[in-house]
2 protein chains.
Amino acid sequence: MLFFGDTCKPLFSCLSLGSRLSVKLITSTVQTRLFNLEEEGLLKEEDLGQWRRTHYSKEVGPAMADREVVIMGWVSSVRDHGNISFIIIKDMHGEVQVTAKKSEVGEQLFALAKEVKEHTSLGVRGKVRPQEKAPNGAEVVPAEIKAFSVAKKAAPFMTTGKSSPVGIDTRLDLRAVDLRRQQLGSIFRIRQTVVNAIREFLSRQDFIEVSTPKMIATATEGGAALFPIFYYDREAFLAQSPQLYKEQLTMAFESVFEIGPIFRAEPSRTNRHLSEATSVDVERAFADYGDVMALLERMIIHIIDSVKDRNKADLEFLEIAMPALELPFPKYSYSDLIDKLQEAGERIPWGDDISPQVMKSLQDERLNGFYFIVDWPTSTKPFYVKPKADDPKVCESFDLMYGPLEMSSGSTRINRKDQLIERMQKQGLKPDAFDYHLRVFDFGVPPHAGFGMGLERLLMALAKIENIRDATFYPRDIDRLAP
Amino acid sequence: MLFFGDTCKPLFSCLSLGSRLSVKLITSTVQTRLFNLEEEGLLKEEDLGQWRRTHYSKEVGPAMADREVVIMGWVSSVRDHGNISFIIIKDMHGEVQVTAKKSEVGEQLFALAKEVKEHTSLGVRGKVRPQEKAPNGAEVVPAEIKAFSVAKKAAPFMTTGKSSPVGIDTRLDLRAVDLRRQQLGSIFRIRQTVVNAIREFLSRQDFIEVSTPKMIATATEGGAALFPIFYYDREAFLAQSPQLYKEQLTMAFESVFEIGPIFRAEPSRTNRHLSEATSVDVERAFADYGDVMALLERMIIHIIDSVKDRNKADLEFLEIAMPALELPFPKYSYSDLIDKLQEAGERIPWGDDISPQVMKSLQDERLNGFYFIVDWPTSTKPFYVKPKADDPKVCESFDLMYGPLEMSSGSTRINRKDQLIERMQKQGLKPDAFDYHLRVFDFGVPPHAGFGMGLERLLMALAKIENIRDATFYPRDIDRLAP
């Protein structure tokens, strides 16, 4: 259960920055079939010119009967019935049917309509006609069709339907086309709601949004999972988290958050790790881990209420429901869990990490939803996590879980320099490397607490996504650097 | 005028990835004076414990007379008048005065209050008393003072007052303390408004917010200003802009934006360049550069209206006013400008970039505010910028300027594969290296246009910031990697 914020490893290993590396790109060949381009006699590519969309698909309904419209989008399907062609055009809001009957549109336009292939980007000028069987109860009878970019190939997968028809790698190689699938459209509209809901919730709680540097001088968490960069003539690293910066920012701004990229060079090939993820980082002055747990669970509730409210159609399409939640979320202390696991026959000593596999041996239905594991052994958490005053073996820390998946990790932080140095040394870190951070502790760092939450992890849980790669636009992992 | 999006340089130069580099940190010594810690007999550091703030500073007013409050914050100033001490405590919303009279609070608490130094983080429990001369018309008479983190040193600069008292490097070395200055507080509250206003405006225009990868396989813009990374066993780069990704995303989502970090390894030491900046990237399908210019200028108007509305106190403190703007913004074509510059005696051939210095030779007061320079020579712009159909020497491109400073750069993009390959080749780029991008052009990339805007640049213009480093929390430049 080590992912967000709280990893604890020995000092980052010597980086073997070798001599110049060759650029090895992942350019696995996408299986595609060329269209017969000789047929392209009529459907020529034209510029946008003065054409502009007058209506989105969702606006084209029976009430618009006989009105002239210009619609634009890409072709999601074509059905050819001899003397009649149906072209379904998709735009950001939905679908509209274009119906070209030979007897109505004339030979030339009809011939052109028959040339249109899936994925072509086009505009259609025409009249609206009520049509019960068409999406939204109306169709467009074309007067003019303008192709902006003609599809040259058949995609190696369908973009209609719910399930992914081919392996994820084939889809990711052609991600921009893959993203035309309605399933991903729904997922990313839910993502939009989640991100907006987080910002709304935190802004109402007096948080301000910050940006911290992604190029940093030292490993924040200890740990080996770092990407080295050439920073002019120096070595630097990509930030694993905004941890130390967000803590410092509580000195001036008290309550801060950041939604931004984090970078983890984890050589794993699981369905729940990314090399580049989006982290929701929250830090609050004059608060402890109890306060930020309460904040986090109310934030989750607000997110879920927002998705229920704003993504009805998406939830329906994905055939999923948001979990019903009650406050407070269940809390298990690490020590109690270890006891229970040992009672259940697991050979897990106190002080070990608890793996998702091991958790499954506990029969507790509350473990299917959101719950906290609190008060972890101090040795399992990074140097900045505050040990409990009455029992320093244990620290004021939590993980927010959803079933076996870690969503978030947080804690009360140490706000005194001497304690921080002591903890660094115990973990084998050199305080000198953190001078730029430690020096601010001479100037009244307030008590503070916070958490980091993985946005893609949360999306996996809410939208029932099997592979974390589908919770991000262009995933990065040990094997994939492109597109 | 090359900063956002549109740089055009020969293929990135061979990167001399040498052998292991030593970590050279910038740890210039901050000039500080140690407090006499032997005096710390009374003021001990304590944990937050069960203490919680009951009121923010702004809530402590005459109407609260005789009420008990717990306030928290950091000490921004202390005045000692023998038998009376005034401690000004600052929190995220303002200031509150704590008045400790020996005769009122007793010897022990009075002695403790006299020990409090600037920057100490503390909590005060006490009663509110109206006091005309105090901030907000009330003061707190302490019953208990709890120091959470005692300042150990005097900061090398004042955190009160408007102007920066020392060189920017001294401030940046201790940035977290520097950020306690009210001037920076106002700047970053304005930043918050700007970012929120951008999101509001674009969401209302049907844009969705995306995240594109920051670790990429090839240089997006051509150009040499790249940071190389070790990506597992491969070489990769930090993204200079989300350009190609945001373009691809118009295929599925039509209108997208991203507010995120961009990375430029520019070895410059100007007051307007950063190695890591925040870019506002916008891309829209079925639009040309005229459409996105109209969008951008309306966005600027909405931003300015929002700042006027939400940051009155900050504008007053900074003694600045938002510019009065009219739509549309003035537009100068590149060719007309060159003519005018040549008439004004400048020796600038058509095809050259126009430097801020050169622009000053034009006497036109409209050049003090926001204006566009449009229709740049195609050779000065990156490969994805669309040449004009009727005059391919010139392209459908624009820069948004504020006085001599470039705010944003945008264009209509090429949406056809053959044209894109042709332009790549003309600029000495190898299409093979862009295979991951070019392949999507077989599947109907819509006509599209967009822009990138530098958030820090815009903040410089709006908040009259002299050095771009003060428009970001923790700046990065050729000399600075820490804090």
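In this text, all values refer to a predicted model and were calculated from it rather than measured experimentally.

Participant: Quick question: what am I supposed to make of the interface of chain A and chain B here?
Facilitator: When the parts of a complex come together, some accessible area is lost, and that lost area is often used as the size of the interface. Opposite the 125 residues of chain A that make contact, chain B presents 124 residues. Across the chain A to chain B interface the summed buried area is about 10,700 Å²; carbon plus sulfur atoms make up 58%. A per-residue breakdown of the area chain A buries against chain B is headed by Phe230(A), Tyr232(A) and Phe443(A), which together make up 8% of the total. Here chain A and chain B share 16 salt bridges between them. One salt bridge connects Arg416(B) with Asp47(A), and the closest N-O pair in it is separated by 3.4 Å. Counting across the interface, chain A meets chain B through 62 residue pairs in polar contact (both at pLDDT 80 or more). At seven residues, the largest contribution of residues to the side of chain A that touches chain B is made by helix H5 (residues 182-204) of chain A. Residue composition of the side of chain A that touches chain B, grouped by class: 65 nonpolar, 24 polar and 36 charged.

Participant: Quick question: what am I supposed to make of the nonpolar core here?
Facilitator: For soluble globular proteins, nonpolar side chains are generally found buried alongside one another. Formed by 223 residues in total, the largest nonpolar core has its most connected members in Ile198(A), Met299(A), Phe370(A), Ile198(B), Met299(B) and Phe370(B). Per element, the largest residue contribution to this core is eleven residues, and it comes from helix H7 (residues 289-310) of chain A. With near-sequence residues (within four places) excluded, Phe370(B) lies in contact with Ile300(B), Ile304(B), Pro323(B), Leu325(B), Phe329(B), Pro330(B), Leu400(B), Met401(B), Tyr402(B), Met407(B), Leu458(B) and Leu462(B).

Participant: Hey, could you run me through unusual backbone geometry in this one?
Facilitator: Residues other than glycine predominantly adopt negative phi, and peptide bonds predominantly adopt the trans conformation. That bond from Leu327(A) to Pro328(A) is cis: its omega, -10 degrees, falls within 30 degrees of zero. With an omega dihedral of -5 degrees, the bond running from Ala482(B) to Pro483(B) counts as a cis peptide bond. Among the structural elements, Pro483(B) can be located in the segment after helix H13 (455-463). Notably, Asn136(B) is not glycine yet its phi reads approximately 65 degrees, a positive angle. Among the structural elements, Asn136(B) can be located in the loop between strand S5 (121-130) and strand S6 (138-149).

Participant: Can you walk me through the sheet that holds strand S12 (residues 255-263) of chain B in this structure?
Facilitator: All names here are of chain B. With mixed pairing, the eight strands of this open sheet are ordered in space as S8-S12-S13-S20-S19-S18-S15-S14. Lying at the two open borders of the sheet, with one neighbouring strand each, are strand S8 (208-209) and strand S14 (331-333). Looking at chain direction, S12 and strand S13 (residues 276-285) are connected through nine bridges and run antiparallel. Considered in S13, the bridge of phenylalanine 257 is made with valine 282.

Participant: Looking at this structure, how should I read the confidence of the model for chain A?
Facilitator: Should pLDDT be low for a region, the predicted coordinates there are not to be read in detail. Residue and element names in this part refer to chain A. Within chain A, residue pLDDT values average 90, and 91% of them lie at 70 or more. Below pLDDT 50 for its whole length, residues 1-29 participates in 99 contacts with residues either more than four positions away or in separate chains. For this predicted complex, the interface score ipTM comes out at 0.92, alongside a pTM of 0.93.

Participant: Looking at this structure, how should I read the packing of aromatic side chains?
Facilitator: Describing an aromatic ring pair means giving the distance of the ring centres and the angle of the ring planes. Considering all chains together, one arrives at 35 aromatic pairs over all chains under this definition. Taking 5.7 Å as the distance between ring centres and 20 degrees as the angle between the ring planes, the aromatic pair formed by Phe329(A) and Phe370(A) counts as stacked. In this pair, Phe329(A) sits in the loop between helix H8 (312-318) and strand S14 (331-333) while Phe370(A) sits in strand S15 (residues 370-374), placing the two residues 41 residues apart along the sequence. Exposure class is identical for Phe329(A) and Phe370(A). Each is buried. With a centroid separation of 4.7 Å and 55 degrees between ring planes, the pair formed by Phe370(B) and Tyr402(B) is classed as tilted. Taken together, the positions of Phe370(B) in strand S15 (residues 370-374) and Tyr402(B) in strand S18 (residues 397-402) put the pair 32 residues apart, joining distant regions of the chain. For Tyr402(B), a relative accessible area of 17% puts it in the buried group. Linked through ring pairs, Phe329(A), Phe370(A), Phe372(A), Phe398(A) and Tyr402(A) together constitute an aromatic cluster. Taking NZ or CZ as reference, Lys381(A) lies 4.9 Å from the ring centre of Trp376(A), over its face.

Here is what the cut-offs are and how they apply
Residues numbered from 1 in each chain as written. Chains lettered and ligands numbered in written order. Predicted model: local features only at pLDDT ≥ 70, side-chain atom pairs only at ≥ 80, totals over all residues. Heavy atoms only, no water. Contact = heavy atoms within 4.5 Å. Buried area = accessible area lost by both parts, 1.4 Å probe. Salt bridge = Lys/Arg side-chain N within 4 Å of Asp/Glu carboxyl O. Polar contact = N/O pair within 3.5 Å; in protein donor to acceptor, adjacent residues only side chain to side chain. Helix = DSSP H or I, 4+ residues; strand = E, 2+ residues; numbered from the N terminus. Nonpolar A, V, L, I, M, F, W, Y, C, P; charged D, E, K, R; others polar. Core = buried A, V, L, I, M, F, W, Y, C linked by side-chain atoms within 4.5 Å. Buried < 20%, exposed > 50% of the residue type's maximum accessible area, 1.4 Å probe, protein only. Pairing = 2+ DSSP bridges. pLDDT = per-residue confidence, 0-100. Phe/Tyr/Trp six-rings, centres within 6.5 Å; stacked < 30°, edge-to-face > 60°. Lys NZ or Arg CZ within 6 Å of the ring centre and 35° of its normal.

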